[in-house]
Every structure is written in structure tokens, then in C-alpha cells.
Amino acid sequence: MTEERVPLIELRNITKVFPGVKALSDVCFTLYPGEVHSLCGENGAGKSTLIKVMTGAHQADGGEYFIDGQPVHIHSTQEGIALGVSCVYQELSIAPQLDVAQNLFIGNLPMKGVLIDHKKLYRDAQEILDLLNLNVSPRTPAGELSVGQQQMIEIGRAVTRNARCIIMDEPTSSLSEAETETLFKIIDILQQRGIAIVYISHHLDEVMQLSDRITVIRDGQNIITMNTADTTQEILIANMIGRPLDKQYPEKTGRSRGEVILDVQGLCGEKFRDVTFQVHAGEVLGFFGLVGAGRSEIMRAIFGADKPSAGTVTLNGEAIRAGSPPDAIRKGIGFCTEDRKKEGLMLRLSILLNSTIVKLPQLANGGVIDRKRQAEDADRYITAMRTKTPSIHQLAGNLSGGNQQKVVLAKWLTMEPKLLILDEPTRGIDVGSKAEIYDIINELAGSGMAVIVVSSEIEEIFGVCDSVVTIFEGNQTAQLPITPELTREKVLACSLGGKP
């Protein structure tokens, strides 16, 4: 008779209520030592709330929490860390002014009396860097590292705290392909050490590749827990959204390519050079390249957020004043930036204000805002995009990632732009919300709007765009129409410096 395994972590019937919202309702979750257990669900399903209960950031309103079969009550993240539960969040918490070693052991620095034992600090830090396969000095200021390297430092910090469970929330959202492969190898090493991983990602191919088991929650409730080997991605999606997803990308029908809307000639900046292309009315133009290739910098220069060193940008034949976002907005350019939390939204303000902020000058009469028109505009776009919120007066920071992205879209759509730039529009968004945003992009192009989509996902480029510009190390290597004859391999080759 085999001895029954004791879970490292067991949550029984966890309930969490916020004002007006029941975020979790009788949710159960088990995690065993050395297991990778993925937690899946749409944005707003309750995943973030559940992991905050696990770490001690939130306290449950009902249910029981066990570690090693013993009941626990965790009242803070510090208590959670002391019990071996750490989380690497999507939003990094690196201290850029401190060096790598100090970031790895922050809050846990080795001491010799009342002084820091620097010799031990840098020796121990080098051991962690070797484990992470990070070829950087422990004395390097953390602010000089790439986002991917900073992500690895966050994971290393959890290891230094003797974590027995590491929760990874969208860990590959800002990683290159090579960095992602390194992360997967680290996860394998951690598993071999008996460390359990709770893995949260909207990249379902990663979930299927890494997980031993998958738990799906929807609307704050358990839907199913299944062995990964016994399921398929299609079954997983159906459980996440409550219905089969027949088609992720819409048919590119109803689009009619019209006159040139945007004309970029010889644009140069600090991280790119001699970029030349046009976007037509009713066209979706993709920009594809590796992380750090210069794609976002090109978009910022077009919008006027960064001042280019050379070149011209014209919209409907009118020049956009270099370094002037207000001029770009007045002439009809909208820009959904890559980082919606830092640059796209004011998280402590309402959906109403966030979704109409760009249009406020048009809503004002004699300096007084027409509140009725403002509410009508906000409500129209929030309703059209099926944004999940109790009301337009909800704070933007209380929404899930997918719904926040819809508010960012609404902000620009209220001004009825001639050109809309979308930089990584579906990063950190669940599969159901992705499909809704793809439908919105298709409808915008069908209405005659010119759209630019910057994406790190090749399938997304092929699924929504009419043509693609490839960027490698700041250089434009190709502009290719997306036809049945165009292969993914060809686009990838051009994004790595190859010729079309």
C-alpha cells in the first residue's frame, strides 16, 4: 500500500469578497513538491486574487489554507516568504540603483555583526547567477540589465529566500526567445530540487509544454483540474472561456485599401535608422522583430514622443511636428503604448476619465466639460468592446489586464483617429480577450482606419495584418505582403537580418 503524498500547499474552499465583487467562491487548489501546476483563466477570472491569497498579500474571507498538511494563517507577504511562498510578478520590483547582488539578497543580506558581509554577498550571488545562466557581474547596477535579465534576478531572489513554492505570473511576457528557453531550463532545475512552481501564462503552448497539471478558474470558481498529458489546448480554451473558440482570428473581409494615410520617409533615431514605409486607409500593417530591435522606438518617433534625428512623418500630407505628441493627436494619430499600466492608463482614476481624457478639449464648452456627452462617449465604447466592469465610474486599476487594454483602446477611439498605432496590443491578455481585440482591429480597418500593429508573436502578425515590416537591430530589412505564399520562416529570417 503506497503512502499518500501530502501537498506542499492546499487551499480549500477559498472565498474572497471585494466591495461589490465576489472575486473567489469556494476555490480549491493543491500543489505538490517539485510540481509545475499551471493556473489558467481569462483576465478577471480570479487568478491574481488567488495567488495574492497564497502569498499573504490578501487574506481570504472564507476557506482553509494548509502548508505541509498543517493549517496556516498568512497575514502578509513577509509571512508568506518565511513559510517558503514567493511570487515573481509581471510588474518587476527591481531596485535599479542597487547592484545585482544586493537585488538578489535584498531584505536578506548576509551580515557580519552590524556590517554587511560583502565577501559572502558577492560569492553567494555568483552561485545564483551561475544557476540562472546569467553572464553578468554581481556588481553590475541592476538598472543596466535588460528586462529579461531583471526577470531572472527576480527568480533568483526567490531562490535566495529558500522558497519552496515560486509563483510565476506571466514570466515570459518581456523575454526574448533565448531568454524564454533559459527560463524553462531553470524551471526544470528548480523542479529537480523539489521546488514547486505555480505557472500563470496566457501563452497556452508554454502551459502545455511545462505543466504537470492545470487548474482552470472562471468567474472566481473552480472549473476543472486536469493532468496536462490527458488534455489538449482546444479543451483547455473551451474550459477557460466556457465555449469552444471556433476561430481566434477574424476573416480579413470588408477591408478596402484606400489612399495613403501615413507616409514615413528616412526616419532615424537613436535606436533605428532610415525607416521608410506607408500605411493606407483600411490597411493593417504589422511590425515584427526581436525584443529590443527598435520597433517601439520607431512608433514613439512617429507619434512625437521621441524626437527623430532625421526623416519626415506626414499624415494625410501634413507633416507631424517632431517631438510633439499634441500635434500628432490633433492631426489624428492614436498610440496604444506597450506598457498600458505606466503609459496608457491613470490607474487611480475612473474608466470614465481614462476613456475620454484625449477628447476632453472637444467636450469642453467655455472651459466647462459636458458631463452628459462625456458619459455617453465612455459608455458607448465600453459597451461596444464588452468591457467587464460594474460601471464607467470604476477605477481603471481595479480592472483585469484585458479590460484595461480595452479602456486604452476606448481612449483613442473616442477621438476617432485616422491612424491607430497598437504596440503589443495583446500582451498579458487571455485568449478570449485576444479574439475580441482582433475583431476590433478588423472592424477598425473595415471602417477605413489605418492601423499599425507591433507584435512579438508571428501568428498574430499573420492573423491580423495585411503586410509586415521586419526590423533587425534598428534596420528595416523588408516590407512583405501577407499572402498564402509568405511563410513564417521567411518573416523570421528577415527579422534576424536576412534578406527577403
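None of these values were measured; they are calculated from a predicted model.

(A) View of the nonpolar core. Of all hydrophobic cores here, the largest spans 76 residues; its most connected members are Leu262, Phe277, Phe287, Ile302 and Ile452. The residues touching phenylalanine 287, leaving out its near neighbours within four places in the chain, are Phe277, Arg295, Ile298, Met299, Ile452, Val453, Val454, Ser455, Ile461, Val469 and Ile471. Listed in part, the 36 residues of the second largest apolar core include Ala101, Leu131, Ile186 and Ile197.

(B) Seen up close, the pairing of strand E13 (residues 260-269). Pairing geometry for E13 and strand E14 (residues 272-280), over six bridges, is antiparallel. In the sheet register, leucine 267 faces E14, and the bridge partner there is valine 275. Pairing of E13 with strand E16 (residues 310-315), which is carried by five bridges, proceeds in the antiparallel orientation. Opposite aspartate 263, over in E16, you have threonine 314 as the bridge partner.

(C) A look at the sheet that holds strand E3 (residues 36-40). Pairing within the open sheet is mixed, and its six strands lie in the order E6-E9-E10-E3-E11-E12. Each edge of the open sheet carries a strand with a single partner, namely strand E6 (85-88) and strand E12 (221-227). The sheet shows a mean angle of 20° between the axes of neighbouring strands, direction not considered.

(D) Looking closely at the packing of helix H5 (residues 147-160) against helix H6 (residues 177-192). Contact pair H5 / H6: the axes reach a minimum separation of 11 Å and the direction vectors enclose 10°. With respect to each other, H5 and H6 are oriented roughly parallel. From H5, Gly148, Gln149, Met152, Ile155 and Val159 reach across to H6, where they touch Glu179, Thr182, Leu183, Ile186 and Leu190. Broken down by class, the residue content of the contact of H5 with H6 amounts to six nonpolar, three polar and one charged.

(E) Local environment of unusual backbone geometry. Backbone geometry at aspartate 219 places phi at a positive 55°, although glycine is not the residue there. Looking at the secondary structure, you find aspartate 219 in the loop between strand E11 (213-218) and E12.

(F) Representation of the layout of surface pockets in the model. By volume, the second largest pocket amounts to about 1200 Å³. Lining the second largest pocket are 40 residues, with His203, Asp205, Glu206, Ser456 and Glu457 positioned closest to its centre. Broken down by secondary-structure element, the contributors of at least two residues to the lining of the second largest pocket are H6, helix H7 (204-210), helix H8 (233-241), helix H16 (431-446), helix H17 (458-464) and helix H18 (488-495). Taken together, the residues of the lining of the second largest pocket sort by class into 14 nonpolar, 14 polar and twelve charged.

(G) Looking closely at the side chain of glutamine 394. For glutamine 394, the location among the structural elements is in the loop between helix H14 (371-384) and helix H15 (401-413). Within the structure, glutamine 394 has its side chain in polar contact with the side chain of asparagine 398 (distance 2.8 Å).

(H) A look at the side chain of glutamate 10. With respect to the secondary-structure elements, glutamate 10 resides in strand E1 (residues 9-18). Sequence-distant contacts of glutamate 10, defined by excluding residues within four places in its chain, comprise Phe29, Thr30, Glu64, Tyr65 and Phe66.

(I) Molecular detail of helix H1 (residues 47-55). Buried residues dominate H1, accounting for seven of its nine residues. Directly beyond the C-terminal end of H1, a positive phi value near 100° is found at glycine 56.

(J) Inspection of the sheet that holds E1 at higher detail. If you trace the four strands from one edge of the open sheet to the other, you get E2-E1-E4-E5, paired in antiparallel fashion. The open sheet is flanked by strand E2 (21-31) and strand E5 (70-71), the only strands paired with a single partner. Here E1 pairs with E2 via seven bridges, running antiparallel. Looking across to E2, one finds that phenylalanine 18 is bridged to valine 21.

(K) Representation of the packing of aromatic side chains within the structure. As enumerated under the stated definition, the model contains four aromatic pairs in all. Of the aromatic side chains, those joined through ring pairs into one cluster are Phe303, Phe335 and Trp412. When the ring centre of tyrosine 122 is taken as origin, the NZ or CZ atom of arginine 139, which lies over that ring, is 3.9 Å away. Taking the ring centre of phenylalanine 462 as reference, the NZ or CZ of arginine 488 above it sits at 4.1 Å.

Definitions and limits used
- Residues numbered from 1 in each chain as written.
- Predicted model: local features only at pLDDT ≥ 70, side-chain atom pairs only at ≥ 80, totals over all residues.
- Heavy atoms only, no water.
- Core = buried A, V, L, I, M, F, W, Y, C linked by side-chain atoms within 4.5 Å.
- Buried < 20%, exposed > 50% of the residue type's maximum accessible area, 1.4 Å probe, protein only.
- Contact = heavy atoms within 4.5 Å.
- Pairing = 2+ DSSP bridges.
- Helix = DSSP H or I, 4+ residues; strand = E, 2+ residues; numbered from the N terminus.
- Axes fitted to C-alpha atoms, helices over the stretch in contact; angles between N-to-C directions.
- Parallel < 35°, antiparallel > 145°, perpendicular 65-115°, else oblique.
- Nonpolar A, V, L, I, M, F, W, Y, C, P; charged D, E, K, R; others polar.
- 1 Å grid on protein atoms, 1.4 Å probe; cavity = no way out; pocket = protein on both sides within 12 Å on 5 of 7 lines; lining within 4 Å.
- Points joined across faces, edges and corners; volume = space filled by probe spheres on them.
- Polar contact = N/O pair within 3.5 Å; in protein donor to acceptor, adjacent residues only side chain to side chain.
- Phe/Tyr/Trp six-rings, centres within 6.5 Å; stacked < 30°, edge-to-face > 60°.
- Lys NZ or Arg CZ within 6 Å of the ring centre and 35° of its normal.

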